[in-house]
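Here are the chains, one letter per residue:
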2 protein chains.
Amino acid sequence: MSDDPFVFGLDLGGTRLKAVVATPDGTELARRTVLTGGDDWQEQVKQAIDALRAELGEPAAIGVAAPGLPAADRRSIAHMPGRLPGLEGWNWGEALGAIHDVPVMNDAQAALLGEIWQGAAKGEENVILLTLGTGVGGAAMVDGNILRGHLSRAGHFGHITVNSRGPVDDFQTPGSLELALGNFSLGQRSGGKFSATSDLVAAMAAGDLLANEIWERMMTDLGAGVTSLINVLDPAVVVIGGGIAEAGETLFEPLRARLDEFEWRPQGAAVRLARAELGDWAGALGAARSALLSLSSS
Amino acid sequence: MSDDPFVFGLDLGGTRLKAVVATPDGTELARRTVLTGGDDWQEQVKQAIDALRAELGEPAAIGVAAPGLPAADRRSIAHMPGRLPGLEGWNWGEALGAIHDVPVMNDAQAALLGEIWQGAAKGEENVILLTLGTGVGGAAMVDGNILRGHLSRAGHFGHITVNSRGPVDDFQTPGSLELALGNFSLGQRSGGKFSATSDLVAAMAAGDLLANEIWERMMTDLGAGVTSLINVLDPAVVVIGGGIAEAGETLFEPLRARLDEFEWRPQGAAVRLARAELGDWAGALGAARSALLSLSSS
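For every chain, the first residue of the written sequence is number 1, and numbering continues from 1 along that sequence. Whichever chain is written first becomes A and whichever ligand is written first becomes 1, with later ones labelled in order. The predicted nature of this model means local features are confined to residues of pLDDT at least 70 and side-chain atom pairs, given and counted, to a pLDDT of 80 or more, with totals for whole chains, interfaces and linings taken over all residues. In computing side-chain values, all of the structure's heavy atoms are included and hydrogens and water are not.

**Digging into the pairing of strand β4 (residues 61–66) of chain A**
Residues and elements named next belong to chain A. The criterion, for reference: With a 1.4 Å probe rolled over the protein chains alone, any residue whose accessible area is under 20% of its type maximum counts as buried; one over 50% counts as exposed, and the rest are partly exposed. By definition, any uninterrupted DSSP run of H or I lasting at least four residues is a helix, any uninterrupted run of E lasting at least two residues is a strand, and each is numbered from the N terminus. Pairing between strands is defined by DSSP: at least two bridges between the two strands are required.
Here β4 lies mainly inside the structure; six of its six residues are buried. Neither face of β4 is open: one carries Ala-61, Gly-63 and Ala-65, the other Ile-62, Val-64 and Ala-66, and all of them are buried. The pairing of strand β1 (residues 7–12) with β4 spans five bridges and is parallel. Counted as the bridge partner of Asp-11 is Ala-65 from β4.

So this is what it looks like as structure tokens:
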């Protein structure tokens, strides 16, 4: 048991729950990962939280990050078809028997809040996060506010067009950034030669010309997409995360070169490009941060 | 002289100043248009405001809309190369001898605020405005806040990519929405056959097949661009203004058809498309609204 106030930050994924216990100054008291696969994931989540309570005591607040679109009242996820049965409409605060309202955020929006609290964009007020993995996702903070929007879908950066004549993606976006970059479409983009972007990067390092050509095309699409987002959202910092960002300078060097070509830099001001720092824990930390913010606003 | 409180909303363009005098409930007491061409535009602006004061009395506040990027303190335009010499850094409040601080906004951001106050998106909290004219511009309100961003450039919707392999525009954006739609590039896009979009629309009505083909291509690029903005900003309403929007249903019908194809509609929710209602006065009205908001926040 701790005498200092602390909060729980929960990040629900498809197969596991990540929980972080943190104090207002950002000190982490605990991290837990609990497998929550199967249809009884809600029961597993409740048990995991009860175990944390038994160990550490009652938190001052709880915050939640989960996939899908949060409801307008931010107490549940309103829209998440296909996965995690029972998530839609599940009121986390009631289910967990929380003392205070439990804010529920989209996972990408939580990850951005985490990176701003503890990671690559500490203290910034204008930041976008782009996650490049199986698909492409993201979130934005503008003028100090995390953008939610009418249906809480702001920041779906995978679903911007980079080629209006291209085929539509799963969200109906023509020639989307996700189709151009996401790992899921690499097989198609490489004529079946590669199925993982990490293999593509390795082949390129070994001198494979096709791999190099595919990568350069990806970097042009990424550079154009980031340019669009800069001109729409005007960030000071663009944070890049997700599995594909593990390519490191192999990604950042050509991306910087594209921005040298494409970026509008009024009076010479260039956006800072940064690699995400918190990895898989960004969402849980962001959820903890949102719990802390809910305390100070109540 | 009026006994009720009222504000001045000023909208500075390249050759004229529009001024509106309005009360908190939106009643307009006067509209004025003053030519301000030439290098002594600042003197002409000051004289116009003094004349308004002599006629109506001292306003409770003044708000300004102007082209370019406002400074962080919102007292001047910080960045506006090429036109309106002397605008950069000109402190409107000091120059006009105002009692209160004079908020200075970007003209597109002011036009959006005007449409939300009095026009096509009354009372909405999630709206984007897209202006289609010589160039393409815009602004966004998300979660009740007009987006400004790090350099006040948020909402430059003309400079999003719709074709990452295309040539760059004046802002270095590859294959931008502005290149695809702006009147200035129509000559190029039509092999010199058309120089005004209104002529293109007239030719199409008369059965010109090339005109029709160019227009359909524009509508696909516009549909893709609006789709991108929906997925990034999540508006409830998309307002379309500018000279090209005067095509009316000739534009809105194919645009709606593109959105039927491209728009992500979680649980069936479609964005409302609306034509701008305030025309050339949107900026002045938005400036008046920002003056009123500055009163209630001070």
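**What about the interface of chain B and chain A?**
Put simply, the rule is: Any two residues having at least one pair of non-hydrogen atoms within 4.5 Å are treated as being in contact. We define buried area as the total accessible area lost by two parts upon association, computed with a 1.4 Å probe and summed across both. We count a salt bridge whenever a side-chain nitrogen from Lys or Arg sits within 4 Å of a carboxyl oxygen from Asp or Glu. Contacts described as polar in this section are N or O atom pairs within 3.5 Å, which, within protein, must combine one atom able to donate a hydrogen with one able to accept it, while residues neighboring in sequence count only if both atoms come from side chains. Classes in brief: Ala, Val, Leu, Ile, Met, Phe, Trp, Tyr, Cys and Pro nonpolar; Asp, Glu, Lys and Arg charged; the others, Gly included, polar.
The interface of chain B with chain A comprises 54 residues on the first partner and 54 residues on the second. Together, the buried faces of chain B and chain A total about 4,400 Å²; carbon and sulfur atoms form 55% of this surface. Taken together, the links from chain B to chain A amount to four salt bridges. Taking the shortest distance from any N to any O, the salt bridge between A:Arg165 and B:Asp221 comes out at 2.9 Å. Inspection of the region where chain B meets chain A yields 32 residue pairs in polar contact (both at pLDDT 80 or more). With eleven residues, the single largest contributor to the side of chain B that touches chain A is helix α7 (residues 209–233) of chain B. Residues belonging to the side of chain B that touches chain A are distributed by class as follows: 25 nonpolar, 19 polar and ten charged.

**Examining the environment of A:Leu259**
Residues and elements named next belong to chain A. In this fold, Leu-259 is placed in helix α8 (residues 249–262). Separated by 31 residues in the primary sequence, Leu-259 and Ser-290 have C-alpha atoms spaced 32 Å apart. With near-sequence residues (within four places) excluded, Leu-259 lies in contact with Gly-223, Val-226, Thr-227, Ile-230, Arg-265 and Leu-273.

**Concerning the sheet that holds strand β2 (residues 16–22) of chain B**
Residues and elements named next belong to chain B. Applicable threshold: Here an angle of 0 to 180 degrees is reported between the N-to-C directions of two axes, which are lines fitted to C-alpha atoms, with helices fitted over the stretch in contact.
Spatial ordering of the open sheet is given by β3-β2-β1-β4-β7, a layout of five strands whose pairing is mixed. Of all strands in the sheet, those bounded by a partner on one side alone are β3 (28–35) and β7 (104–106). On average, each strand axis in the sheet is tilted by 20° relative to the strand beside it, whichever way the strands run. Sheet analysis places strand β1 (residues 7–12) next to β2, joined by six bridges and oriented antiparallel. Bridge pairing in β2 links Leu-10 to Ala-19. Lying over the sheet, helix α3 (residues 107–118) contacts β1, β2, β4 (61–66) and β7, oriented at roughly 95° with respect to β7.

**Overview of α7(B)**
All names here are of chain B. Test applied: For a helix, the expected span equals 1.5 Å multiplied by the number of residues minus one.
Its 25 residues place the ends of α7 36 Å apart at the C-alpha level, agreeing with the 36 Å of an ideal helix rising 1.5 Å per residue. By the criterion of burial, α7 is predominantly enclosed, with 19 of the 25 residues buried. Near the N-terminus of α7, the side chain that reaches the backbone nitrogen of Leu-210, with its oxygen 2.9 Å away, is that of Asp-208. One or two positions beyond α7, positive phi appears at Asp-234, with a value near 55°.

**What to know about helix α3 (residues 107–118) of chain A**
Residue and element names in this part refer to chain A. The terminal C-alpha atoms of α3 lie 16 Å apart, and with twelve residues this matches the ideal 16 Å at 1.5 Å per residue to within 8%. Of all the twelve residues making up α3, ten are buried; the element is thus mostly covered by neighbouring parts of the structure. The opening residue of α3, the one whose side-chain oxygen lies 2.9 Å from the backbone nitrogen of Ala-108, is Asn-106.

**Quick notes on the domain arrangement of chain A**
Residues and elements named next belong to chain A. Rule in force here: An automatic or database domain assignment provides the domain bounds reported here.
Here chain A is described as being made up of domain 1 (7–109 + 280–297) and domain 2 (122–276). Distance between the C-alpha centres of domain 1 and domain 2: 28 Å. In this complex, domain 1 contributes seven residues to the contact, which on the side of domain 2 involves eleven residues. Buried area between domain 1 and domain 2, summed over both chains or domains, comes out near 750 Å², and the portion from carbon and sulfur atoms is 52%. A per-residue breakdown of the area domain 1 buries against domain 2 is headed by Leu-69, Ala-108 and Gln-109, which together make up 64% of the total. Counting across the domain 1 and domain 2 interface gives zero salt bridges. Counting the contacts that link domain 1 with domain 2 gives three residue pairs in polar contact (both at pLDDT 80 or more). Counting residues per element, the ones that place at least two in the side of domain 1 that touches domain 2 are β5 (69–70) and α3. Of the residues in the side of domain 1 that touches domain 2, the class split is five nonpolar, one polar and one charged.

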